[in-house]
Amino acid sequence: MGPLFNASDEWSFVIALVIGIAFGYILESAGFSSSRKLAGVFYGYDFVVLQVFFTAAITAAIGLLFFEYFGWIDLSAIWINRFYTGSAILGGAIMGFGFVIGGFCPGTSACASAIGKIDAMLFLGGFVIGVVIFDAFYPLYEKFYKSGNQGPVKIYESLGMNREVFLLIFVAFAIFAFAATAYIQQKVSQKSKKY
Amino acid sequence: MEEVKIQKPPKKYMNPYLAGVLLGITIILSFFFTREGLGASGAFKRGVAKVEQIIIPAHVESENSAFYHYVKDGKDPLKNRLVYMIIGVFVGGFLSGALNRRLKLKLEHSPKITSRKRAVAAIIGGALFGIGSAFGRGCTSGAGLDGMAVLATSGFVVVGMIFGTGYVIAWFFRKLWI
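Analysis parameters
Residues numbered from 1 in each chain as written. Chains lettered and ligands numbered in written order. Predicted model: local features only at pLDDT ≥ 70, side-chain atom pairs only at ≥ 80, totals over all residues. Heavy atoms only, no water. Salt bridge = Lys/Arg side-chain N within 4 Å of Asp/Glu carboxyl O. Helix = DSSP H or I, 4+ residues; strand = E, 2+ residues; numbered from the N terminus. Buried < 20%, exposed > 50% of the residue type's maximum accessible area, 1.4 Å probe, protein only. Domains from an automatic or database assignment. Contact = heavy atoms within 4.5 Å. Buried area = accessible area lost by both parts, 1.4 Å probe. Polar contact = N/O pair within 3.5 Å; in protein donor to acceptor, adjacent residues only side chain to side chain. Nonpolar A, V, L, I, M, F, W, Y, C, P; charged D, E, K, R; others polar. Phe/Tyr/Trp six-rings, centres within 6.5 Å; stacked < 30°, edge-to-face > 60°. Lys NZ or Arg CZ within 6 Å of the ring centre and 35° of its normal. Axes fitted to C-alpha atoms, helices over the stretch in contact; angles between N-to-C directions. Parallel < 35°, antiparallel > 145°, perpendicular 65-115°, else oblique.

**With respect to the pattern of salt bridges**
Okay, step 1: Applying the stated criterion across every chain yields a total of ten salt bridges over all chains.
Okay, step 2: Note that A:Lys37 is salt-bridged to A:Asp46, the shortest N-O span being 2.9 Å.
Okay, step 3: Across the salt bridge formed by B:Glu36 and B:Arg81, the nearest N and O atoms sit 3.4 Å from each other. Note that B:Glu36 is positioned in the loop between α1 (16–34) and α2 (41–55) and B:Arg81 in helix α5 (residues 81–99), a separation of 45 residues in sequence.
Okay, step 4: According to the relative accessible area criterion, B:Arg81 is buried, its value standing at 3%.
Okay, step 5: Connected through shared salt-bridge partners, A:Glu68, A:Arg163 and A:Glu164 make up one network.

Here is the structure:
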């Protein structure tokens, strides 16, 4: 029964390399190596980010649930990111600025760099600078960074819901978003054709 | 006679829903085999920690550093799963680019702005992402996508904040893109 290895096992390193190859291959194939395509999600001309991202999240969430039903994985043994309220909210907001201004996120900029996108290489350079800045002034916000730890809490617990019911609502929401964005994308591209 | 070189155009992108399903399966396999999901920012943080360990060990090996836990007790920050994963991302991205005829050295930008402006925006955006993903304990993949896959509250909050903030501020930065 999974998980088969611990994240720090050397086998995990080999498997992580293979998984990374799949990750990079899929991102590039879907068009995530283009900043203009990625930024489209914020301007309505290309929703590929939303489509790939939410399809992946739903597939993985449902898949992991089935793995558990079949007794293939122990979901209580896998890593769940801790929720530090203030730090997660602030971090997400800053990343929102980074995405709109820079046009990439770290994973997509790595895969775009690999096919020769210079803007992606610059983004990665900037990313490293940002990491160094965070580390340099760390004592100033260490307390904030470590405050509000709610542990590995799940979204359905936070909302006081049953897990399966939450998943159903999540899937319904995603399907609605797919339909709505397909409609918007069509409208926006029609509008831009007129000019 | 002059040789005419016909360069085939790049192939079309994969259907986004198919890509999403394949990415979802990749996430499941990652959790199944290694207990943890995908990640991108972690490898770069560890890279920075490694360089700091060599040039300013007094800083990184103290409580004053955010990366103290990466190097504590003489640990090598690069001896980590995420470092191998990011190498894989570069390899996989390159393979797809090569097979789909998209390998090309190019600074991509909207025709309405100069390359220089795009370059500056890319660096600033990257720096903000570096700071943001440190506070968020992961980026779009490690905190967002993995978090949503395991239904973690942190994942939904981070994703909601990234895209929510993005939509709120998009109008102010529209000249960079449209």
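**Considering the domain arrangement of chain A**
Residue and element names in this part refer to chain A.
Okay, step 1: Parsing chain A into structural domains produces domain 1 (1–78 + 162–195) and domain 2 (81–153).
Okay, step 2: Here domain 1 and domain 2 have C-alpha centroids that lie 19 Å from each other.
Okay, step 3: Between domain 1 and domain 2, the contact holds ten residues from the first and eleven residues from the second.
Okay, step 4: A per-residue breakdown of the area domain 1 buries against domain 2 is headed by Ser33, Ser35 and Phe42, which together make up 44% of the total.
Okay, step 5: For the pair domain 1 and domain 2, the number of links is two residue pairs in polar contact (both at pLDDT 80 or more).
Okay, step 6: Going through the elements one at a time, α1 (10–29) and α2 (35–43) are the ones with two or more residues in the side of domain 1 that touches domain 2.
Okay, step 7: In terms of residue count, α2 provides more of the side of domain 1 that touches domain 2 than any other element does, four residues in total.
Okay, step 8: Within the side of domain 1 that touches domain 2, the residues separate by chemical class into five nonpolar, four polar and one charged.

**Some thoughts on the packing of aromatic side chains**
Okay, step 1: Applying the stated criterion to the full structure yields 32 aromatic pairs over all chains.
Okay, step 2: In this structure an aromatic cluster arises from ring pairing among A:Phe42, A:Phe53, A:Phe54, A:Phe99, A:Phe104, A:Phe123, A:Phe166, A:Phe170, B:Phe129, B:Phe156, B:Phe163 and B:Tyr167.
Okay, step 3: Stacked on the ring of B:Tyr70, the Lys or Arg B:Arg46 has its end atom at 4.1 Å from the ring centre.

**With respect to the interface of chain A and chain B**
In many analyses, interface size is given as the accessible surface area lost on bringing the parts together.
Okay, step 1: Contacts between chain A and chain B engage 121 residues on the former and 116 residues on the latter.
Okay, step 2: Buried surface at the junction of chain A and chain B, both sides included, amounts to about 10,700 Å², of which 76% is carbon and sulfur.
Okay, step 3: The partner of B:Arg118 in a salt bridge is A:Asp119, and the shortest N-O contact between them spans 3.0 Å.
Okay, step 4: Seen at the junction of chain A and chain B, the total is 42 residue pairs in polar contact (both at pLDDT 80 or more).

**Thoughts on the packing of α1(B) against helix α7 (residues 140–149) of chain B**
Residues and elements named next belong to chain B.
Okay, step 1: Direction vectors running N to C along α1 and α7 enclose 85 degrees, while the axes themselves pass 11 Å from each other. Taken together, the axes of α1 and α7 lie roughly perpendicular to each other. Here Leu23, Ile27 and Phe31 of α1 lie close against α7, whose contacting residues are Leu145, Asp146 and Ala149.
Okay, step 2: Here the contact of α1 with α7 is built from residues that sort into five nonpolar, no polar and one charged.

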